[in-house]
Amino acid sequence: MSFPADVQTVVVGGGIVGCSTAYHLAKMGRTDVLVLEQGKLTSGTTWHAAGLVGQLRPNRNMTQMSKYGIELYAGLEAQTGLATGWKQCGSVNVARTAERMQVLKKQTAMASAFGVECHLISPQEAGALYPLMRTDDLQGAIWLPGDGKVNPSDLCMSLAKGARQRGVQIVEGVEVTGVVTKDGAVVGLRTTRGDIRCEVVVNCAGQWARQFGTLAGVNVPLFSAEHFYIVTGKIDGVHPNLPVMRDPDGYIYYKEEVGGLVMGGFEPHAKPWKVDPIPSTFQFELLDEDWDQFEPLMQNALHRTPCLETAEIKMLLNGPESFTPDGNFILGEAPELRNYFVCAGFNSAGIANSGGAGRLMAEWIMGGEPSTDLWDVDIRRFSAFTGNRRALAERTGETLGLHYAMRWPRQELETARPLRTSPLYDVLLSQGAEFGSKNGWERVNYFRPDLQARPAYGLSKPAWLPWVIEEQQATRQAVALYDQSSFSKLLLQGRDALAVLQRLCANDIDAPVNKMVYTAMLNARGGFESDLTVIRQTPDRHGDRFLIVTGSAQTVRDLDWISRHIDTDEHAVLSDVSAQYCVLSVMGPKARELLARVSPDDLSPAALKFSWTAMIDLGFARVRAARMSYVGGPGFELYVPVEMTRHVYQTLRQAGTDLGLRDAGYFALDALRVEQGRRAWGAELGPDENPWEAGLSYAVKLDKASDFIGRAALLANKDQPLRKKLVTLVFESAGDYAWGGESILLGDQPVGEITSVGWSPLAGSCVALGYLRGDAANRAHAGTVASVSLWGDPVPVRLHERWPV
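None of these values were measured; they are calculated from a predicted model.

Participant: Looking at this model, I keep getting lost on the overall build of the chain. Mind explaining?
Facilitator: Each helix and strand counted, the chain has 19 helices and 41 strands in total. Across its three principal axes, the chain shows a C-alpha extent of roughly 80 × 65 × 50 Å. Counting all 805 residues of the chain, 61% fall into the buried class. Taking the contacts inside the chain whose residues are at least 6 apart along the sequence as the reference set, 72% of them involve residues at least 24 apart. As displayed, the chain has an accessible area near 29,900 Å², and 49% of this comes from carbon and sulfur atoms. Computed over 79 positive and 91 negative side-chain charges, the separation of the two mean positions in the chain equals 4 Å.

Here it is as structure tokens:
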């Protein structure tokens, strides 16, 4: 066939993800699509994938994505005439430990809420479904009858045929060697068969996606690891309808293949494949066997399925697959380059999720923004530093191992740390700080009194809770000091800066100098693209200046969202100044008394009202003080030049000893904000929630002089019944400790999920925020009795208003 010189959309990569993306683009009406594959279709990693297909994912949107994939695979052969190997054989997931069984019970409740058929079963019932399995050491299992398996190569070929039937061109044996850009957007590609003009590029290059991204200056943080499974000869009792079986405590999985078994897994300490760059000629190739690396999985498999002791082992397959720093996929338009999309990094789950991911990718390309909340997999969650190859290699050794390992609540990843630190890192470390990580920033979770050892992770009430309660009590009764330097801080300045923000923000940003405005930035559907505060600063000769303060994880996302909405003829410059300023939050009833000891400026409520800021002297430094408290009650945020932060901290510590001043961390901060009903982006707020549903109508000014993105959608649904409603829940029993994600029940019906939860000293129990959906959103109210499914068992809660502090 002739090689096109001009095409609307080019998909780079002919594996299952690329073919799914092309198929869905064509299905939605975009047929001027070209798929380029450097080798043959499936020749990268698709051909050696195991082909397990499950439905249940950690949240509602990702589960819906996976469910769609199963629907697609079940009907694709009828569309294309090519078999996919799809078989709905179901899956059995077993638990060896009591803790794993608790997790399976929670997953069963989630499945019910998400519309996935899932049953708790006994070890004996699990054995009846999977007779090859030893069950005497099991606590129980779950059975998902809608799960199944496919033949990955056949499925990919069927998607490719479906794309071709709708007009997509697929060309094999073509390597892309360069990306042509103009004015910050992709306009073409250079290939081994000539240049191509195009409007959109989709990077579906699999384990080559990172090095292909570098051709365009796009960060795609993934790294390959050696990944193993064995293939056996025929085994008595193995038949085509044998379910998929997973034993996550043994890190292993099984599926039937040609009367035998495929058994593989995710060993706790993985082996990164340190080949860089990966040759383009690595096609239909495998790596050498490594039985030493595979031994932990083999030993666990011999224990779980003794039939392997005498089975013929045909091969140990070692095929590299790519993994990301947090174990989630990478989807979306690259923030570095317009019209350059990425769909990669599937962490050995590409077969199961390529159908749904391809559709989401096509919707994003066609619609200009995602059709639903995809933050967990959005490429903009990664900052540029995540492309460091040494860090990626170390992190891949960890994240592959966590694929089946027990994931404890609030478990922190350990590798490639510390990286980004505030000037107080070593000081706080010496005082017993236990750090977590957010967007590479080391942030204090809590302090260990007397440098006690870090408690072990668990599912019940945590051993660190008494320490966090002391930090909470200091915040409520005296004064506490929080290092919140990881806040993202953006500076927008120029003649048209105000016009840009008025167009982007739902609140009125045309406020006096030094005023702090809390606002939403909305999408066209009226959902939250971000929530943030904007401080209007003294203008300079170039025009207005606004300091935008947003969440630690949202730096790239908010930079991208604001930047893409600055018109080419507007004079407005956006800069990331996060590393130039630290934020020290002084919270509690004695906060003003403490500041009065170190600053001559008047910080009384009359002189500095709530949500106002002022430049003040503090010790020898000049800082911006904002009367603001994320935890509720009195407090100040201090914006401090980074080079003065240690001095300001030491000055505050020395002055506050007799006031009961103590350092506090994010676990206390989070629990206190939940208690006061303060929302957090990524938990209570996201692209699928609007201000009416989130109870944030006060931050919306529908009648402001200028129009803003999302205003039409808000007007349209303002007086309509709510789809969902954010509520506060108080647990009735002090013995019930929740972690988040639990189902909310009215009667025995799931009506929503908990989004955030923490311990409240005021309530003497856990307090949670969560969304009620459907009819419950419009009839439940403060005082309504409900329950929460806690590790599968209902526990009583009541809807509540927040407490005054």
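Participant: Can you help me understand the sheet that holds strand 15 (residues 244-247) in this one?
Facilitator: The strands that make up a sheet are held in pairs by hydrogen bonds between backbone atoms, and each pair lies either parallel or antiparallel. Pairing is mixed across the open sheet formed by eight strands, whose spatial order is 5-6-4-15-16-17-14-19. The sheet is open, and its two borders are formed by strand 5 (119-121) and strand 19 (313-318), each paired with just one other strand. Here the average twist between neighbouring strands, direction ignored, is 20°.

Participant: Honestly, helix 3 (residues 98-114) in this entry has me stumped. Any pointers?
Facilitator: In this model helix 3 runs 24 Å from its N-terminal to its C-terminal C-alpha over 17 residues, within 8% of the 24 Å that 1.5 Å per residue would give. If you check which residues of helix 3 are buried, you get Arg100, Met101, Val103, Leu104, Lys106, Thr108, Ala109, Met110, Ala111, Ala113 and Phe114. Among the residues trailing helix 3, Gly115 stands out with phi positive, at a value near 80°.

Participant: Before we go on, may I ask you to explain the pairing of strand 26 (residues 488-494) in this structure?
Facilitator: Each regular strand carries side chains that alternate between the two faces of the sheet. Counted residue by residue, strand 26 has six buried out of seven residues, so it is predominantly covered. Of the pairings in the sheet, the one linking strand 26 to strand 29 (residues 543-550) comprises seven bridges and is antiparallel in character. Counterpart to Leu492 in the pairing with strand 29 is Phe546.

Participant: Is there a simple way to think about the packing of helix 1 (residues 16-27) against helix 5 (residues 152-165) in this case?
Facilitator: Relative placement of two packed helices is described by the angle separating their axes and the distance separating the axes. Between helix 1 and helix 5, whose axes approach to 8 Å, the crossing angle comes to 30°. Classified by the interaxial angle, the pair formed by helix 1 and helix 5 is roughly parallel. Regarding helix 1 and helix 5, the two cross each other, and that crossing is left-handed. Contacts from Ile16, Cys19, Ser20, Ala22, Tyr23 and Ala26 of helix 1 reach helix 5 at Pro152, Leu155, Cys156, Leu159, Ala160, Gly162 and Ala163. Among the residues making up the contact of helix 1 with helix 5, the classes are represented as 11 nonpolar, two polar and no charged.

Participant: For this particular structure, what's the right way to read the sheet that holds strand 39 (residues 765-773)?
Facilitator: Spatial strand order, 36-39-38-37-40-41: six strands in a closed barrel with antiparallel pairing. For this sheet, the mean angle separating the axes of adjacent strands, direction not counted, is 45°. In the packing of helix 16 (residues 666-675) onto the sheet, the strands contacted are strand 38 (749-760) and strand 39, and the crossing angle to strand 38 comes to about 125°.

Participant: Even after reading the chapter, I still don't get the pairing of strand 38, so can you show me in this structure?
Facilitator: Burial runs high along strand 38: nine of the 12 residues are buried. Between the end of strand 37 (residues 743-746) and the start of strand 38, which pair antiparallel, lie two residues, with Gly747 showing a positive phi angle near 70°. Bridge count between strand 38 and strand 39: eight bridges; the pairing is antiparallel. From the neighbouring strand, Trp759 faces strand 39, where its bridge partner is Cys766. Turn length for the strand 38-strand 39 hairpin, with the two strands adjacent in sequence and antiparallel, is four residues, and the turn residue Gly764 shows positive phi of about 70°.

Participant: How should I be thinking about empty space enclosed by the protein in this particular structure?
Facilitator: Over the atoms rolls a probe the size of a water molecule, and in doing so it shows where empty space is left. Throughout the structure, instances matching the rule amount to four cavities of 30 Å³ or more. In this structure, the largest cavity occupies an estimated 90 Å³ of space. Surrounding the largest cavity, 13 residues form its lining, Arg410, Trp464, Tyr737, Gly758 and Trp759 being those nearest its centre. Split into classes, the residues belonging to the lining of the largest cavity amount to 10 nonpolar, two polar and one charged. By volume, the second largest cavity is sized at about 70 Å³. Forming the walls of the second largest cavity are Ser422, Leu428, Phe435, Trp441, Glu442, Arg443, Val444, Asp483, Gln484, Ser485, Ser486 and Tyr666. For the lining of the second largest cavity, the class distribution of residues is five nonpolar, four polar and three charged.

Participant: Would you mind showing me how to read the packing of aromatic side chains here?
Facilitator: Where two aromatic rings form a pair, the distance of their centres and the angle of their planes describe that pair. In the structure shown here, the tally under the stated rule is 19 aromatic pairs. Taking 5.2 Å as the distance between ring centres and 80° as the angle between the ring planes, the aromatic pair formed by Trp375 and Trp681 counts as edge-to-face. Taken together, the positions of Trp375 in the loop between helix 8 (350-367) and helix 9 (389-399) and Trp681 in the loop between helix 16 and helix 17 (691-694) put the pair 306 residues apart, joining distant regions of the chain. Of the two residues, Trp375 and Trp681, neither departs from the other in class, the shared state being buried. A ring pair is formed by Tyr446 and Phe667, whose centres lie 5.6 Å apart and whose planes are at 40°; its orientation type is tilted. In this pair, Tyr446 sits in strand 24 (residues 441-447) while Phe667 sits in helix 16, placing the two residues 221 residues apart along the sequence. The exposure class assigned to Tyr446 is buried, which follows from its relative accessible area of 4%. On the basis of relative accessible area, Phe667 is assigned to the buried category, the value being 9%. Three or more aromatic residues joined by ring pairs make a cluster, and in this case those are Tyr446, Trp464, Trp467, Phe667, Tyr737, Trp739 and Trp759.

Participant: Would you mind going over the environment of His119 with me for this structure?
Facilitator: Along the polypeptide, His119 turns up in strand 5. What makes His119 partly exposed here is its relative accessible area of 34%. Among residues more than four places away in sequence, those in contact with His119 are Ala141, Ile142, Trp143 and Pro145. Among the polar contacts made by the side chain of His119, one reaches the side chain of Glu117 at a distance of 2.8 Å.

Participant: What should I look at first to understand the packing of helix 1 against helix 8 in this one?
Facilitator: Contact geometry for helix 1 and helix 8: axes closest at 8 Å, N-to-C directions at 40°. As summarised for this structure, helix 1 and helix 8 are arranged oblique, according to the angle between their axes. In terms of crossing hand, the pair formed by helix 1 and helix 8 is right-handed. Here helix 1 contributes Ile16, Val17, Ser20, Thr21, His24 and Leu25 to the contact with helix 8, which in turn contributes Gly350, Ile351, Ser354, Gly355, Gly358, Arg359, Met361, Ala362, Ile365 and Met366.

Participant: Even after reading the chapter, I still don't get the pattern of salt bridges, so can you show me in this structure?
Facilitator: Two side chains bearing opposite charge may form a pair once their charged atoms approach each other closely. Following the criterion strictly, the structure yields 51 salt bridges and no others. With a shortest N-O distance of 3.2 Å, Arg380 and Asp560 are connected by a salt bridge. Residue Arg380 is found in the loop between helix 8 and helix 9, and its partner Asp560 is found in helix 13 (residues 555-564); the two are separated by 180 residues along the sequence. Like Asp560, Arg380 is buried. Taking the shortest distance from any N to any O, the salt bridge between Arg395 and Glu398 comes out at 3.6 Å. Placement of the pair is Arg395 and Glu398 together in helix 9, with a separation of three residues, close to one helical turn. You'll find Arg395 and Glu398 in the same group, each marked buried. Each of Glu333, Arg338, Asp378, Arg380, Glu529, Arg557, Asp560 and Arg564 takes part in one network of salt bridges that share partners.

Participant: Just checking my understanding: could you explain helix 11 (residues 465-477) for this structure?
Facilitator: Each full turn of the α-helix corresponds to 3.6 residues, which orients residues three or four apart in the same direction. Look at helix 11: 18 Å from first C-alpha to last across 13 residues, which is about the 18 Å you get at 1.5 Å a residue. Every buried residue of helix 11 is listed here: Leu465, Trp467, Val468, Ile469, Glu471, Gln472, Ala474 and Thr475. Taken together, the buried residues of helix 11 touch strand 24, strand 25 (480-483), strand 31 (581-587), strand 35 (662-664), helix 16 and strand 38.

Participant: Help me out: how do you make sense of the side chain of Lys704 in this one?
Facilitator: Its place among the elements puts Lys704 in the loop between helix 17 and helix 18 (711-717). As a buried residue without a salt bridge, Lys704 has its nearest oppositely charged side chain in Asp508, at a separation of 5.5 Å. Among the polar contacts listed, one links the side chain of Lys704 to the backbone oxygen of Cys505, at a separation of 2.5 Å.

Participant: Whenever I open this one, the nonpolar core confuses me. Can you help?
Facilitator: A general tendency of soluble globular proteins is for nonpolar side chains to be buried together. Val11, Leu155, Leu159, Val168, Val202 and Cys343 are the most contacted members of the largest nonpolar core, which totals 47 residues. Elements that contribute at least two residues to this core include exactly helix 1, strand 2 (33-37), helix 2 (60-80), helix 5, strand 12 (200-203), strand 22 (340-344) and helix 8. Sort the elements by how many residues they give to this core and helix 8 lands first, with eight residues. Sequence-distant contacts of Val202, that is, excluding residues within four places in its chain, are made with Thr9, Val10, Val11, Val12, Thr21, Phe341, Met361 and Ile365.

The rules we used
- Residues numbered from 1 in each chain as written.
- Predicted model: local features only at pLDDT ≥ 70, side-chain atom pairs only at ≥ 80, totals over all residues.
- Heavy atoms only, no water.
- Helix = DSSP H or I, 4+ residues; strand = E, 2+ residues; numbered from the N terminus.
- Buried < 20%, exposed > 50% of the residue type's maximum accessible area, 1.4 Å probe, protein only.
- Contact = heavy atoms within 4.5 Å.
- Areas by Shrake-Rupley, 256 points an atom, 1.4 Å probe, with all protein chains shown as cover.
- Lys, Arg positive; Asp, Glu negative; His and termini not counted.
- Charge placed at Lys NZ, Arg CZ, Asp CG, Glu CD.
- Pairing = 2+ DSSP bridges.
- Axes fitted to C-alpha atoms, helices over the stretch in contact; angles between N-to-C directions.
- Expected span 1.5 Å × (residues − 1).
- Parallel < 35°, antiparallel > 145°, perpendicular 65-115°, else oblique.
- Left-handed = near helix turned anticlockwise from the far one by under 90°.
- Nonpolar A, V, L, I, M, F, W, Y, C, P; charged D, E, K, R; others polar.
- 1 Å grid on protein atoms, 1.4 Å probe; cavity = no way out; pocket = protein on both sides within 12 Å on 5 of 7 lines; lining within 4 Å.
- Points joined across faces, edges and corners; volume = space filled by probe spheres on them.
- Phe/Tyr/Trp six-rings, centres within 6.5 Å; stacked < 30°, edge-to-face > 60°.
- Polar contact = N/O pair within 3.5 Å; in protein donor to acceptor, adjacent residues only side chain to side chain.
- Salt bridge = Lys/Arg side-chain N within 4 Å of Asp/Glu carboxyl O.
- Core = buried A, V, L, I, M, F, W, Y, C linked by side-chain atoms within 4.5 Å.

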